[in-house]
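Architecture at a glance
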Amino acid sequence: MVYIIRCSDGSLYTGITNDLPRRFDDHRRGRGAKYFRGREPLEVVHLEFFPDRASASRREWAIKAMSRPQKLELITGSIPSASPA
């Protein structure tokens, strides 16, 4: 799955995992992504599910290439997610 986390500084972090509770806990404890050094993960604001890691990685890359306004539209539902139906 691909996820987006809203951080304490208002930024948005995008990642992939197959165990979101564990990964979010890792982020909160400062393990894993260096991105969370100096900022706290507050909440998961977006999720998309994929059948395999390769599909999730492609979508993660596409989301990371989006501008902040585009990511906010994705989170609010103005842009449809890419999760398979």
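Not measured: the values here are computed from a predicted model. (Residues numbered from 1 in each chain as written. Predicted model: local features only at pLDDT ≥ 70, side-chain atom pairs only at ≥ 80, totals over all residues. Heavy atoms only, no water.)

1. Things to note about the UniProt feature "domain: GIY-YIG" (unreviewed entry) in the protein chain
Under the feature "domain: GIY-YIG" (unreviewed entry), the UniProt entry names residues 1-73. Secondary structure across residues 1-73 comprises 37% helix and 26% strand; the distance between its end C-alpha atoms is 19 Å. (UniProt positions renumbered as here; feature names shortened; annotations may be inferred. Helix = DSSP H or I, 4+ residues; strand = E, 2+ residues; numbered from the N terminus.)

2. What to know about the pairing of strand S1 (residues 2-7)
Most of S1 is tucked away: 5 of the 6 residues are buried. Pairing analysis gives 5 bridges linking S1 to strand S2 (residues 12-16), with the strands arranged antiparallel. From the neighbouring strand, Arg6 faces S2, where its bridge partner is Leu12. Hairpin geometry of S1 and S2 is characterised by an intervening segment of 4 residues between the two adjacent antiparallel strands and by a positive phi of about 90° at Gly10. Pairing between S1 and strand S3 (residues 41-48): 6 bridges, direction antiparallel. (Buried < 20%, exposed > 50% of the residue type's maximum accessible area, 1.4 Å probe, protein only. Pairing = 2+ DSSP bridges.)

3. Considerations on the pattern of salt bridges
Tallied over the full model, the rule gives 10 salt bridges. The partner of Arg23 in a salt bridge is Asp26, and the shortest N-O contact between them spans 4.0 Å. On the criterion of helical spacing, the pair formed by Arg23 and Asp26 is a turn pair, its members being 3 residues apart in helix H1 (residues 20-28). For Asp26, a relative accessible area of 10% corresponds to the buried category. For Arg28, the salt bridge is made with Glu40, and the minimal N-O distance between the two is 3.3 Å. With a gap of 12 residues between them, Arg28 in helix H1 and Glu40 in the loop between H1 and S3 connect regions that are remote in the sequence. In this structure Glu40 comes out as partly exposed when scored by relative accessible area, which is 39%. Here the salt bridges share partners, and the residues they tie into one network are Asp19, Arg22, Arg23, Asp26 and Arg31. (Salt bridge = Lys/Arg side-chain N within 4 Å of Asp/Glu carboxyl O.)

4. Considerations on the side chain of Ser11
Relative to the elements of secondary structure, Ser11 occurs in the loop between S1 and S2. Engagement of the side chain of Ser11 in a polar contact is seen with the side chain of Asp9, the distance being 2.6 Å. With residues up to four places along the chain from it excluded, the contact list for Ser11 reads Ile5, Arg6, Tyr35, Arg39 and Arg68. (Polar contact = N/O pair within 3.5 Å; in protein donor to acceptor, adjacent residues only side chain to side chain. Contact = heavy atoms within 4.5 Å.)

5. A short note on helix H2 (residues 53-64)
In this model, H2 (12 residues) spans 16 Å end to end at C-alpha, consistent with the 16 Å of a helix rising 1.5 Å per residue. Of the residues making up H2, those classed as buried are Ser55, Ala56, Arg59, Glu60 and Ile63. Buried residues in H2, looked at end-on, bunch into an arc of 135°, giving them a common side. Exposed side of H2, more than 90 degrees from the buried face: Arg58 and Trp61 are the residues found there. Turning to H2, the residues buried within the fold contact S1, S2, S3 and helix H3 (68-76). With a side-chain oxygen positioned 3.3 Å from the backbone nitrogen of Ala54, the residue opening H2 is Asp52. (Expected span 1.5 Å × (residues − 1). Arc of directions from axis to C-beta.)

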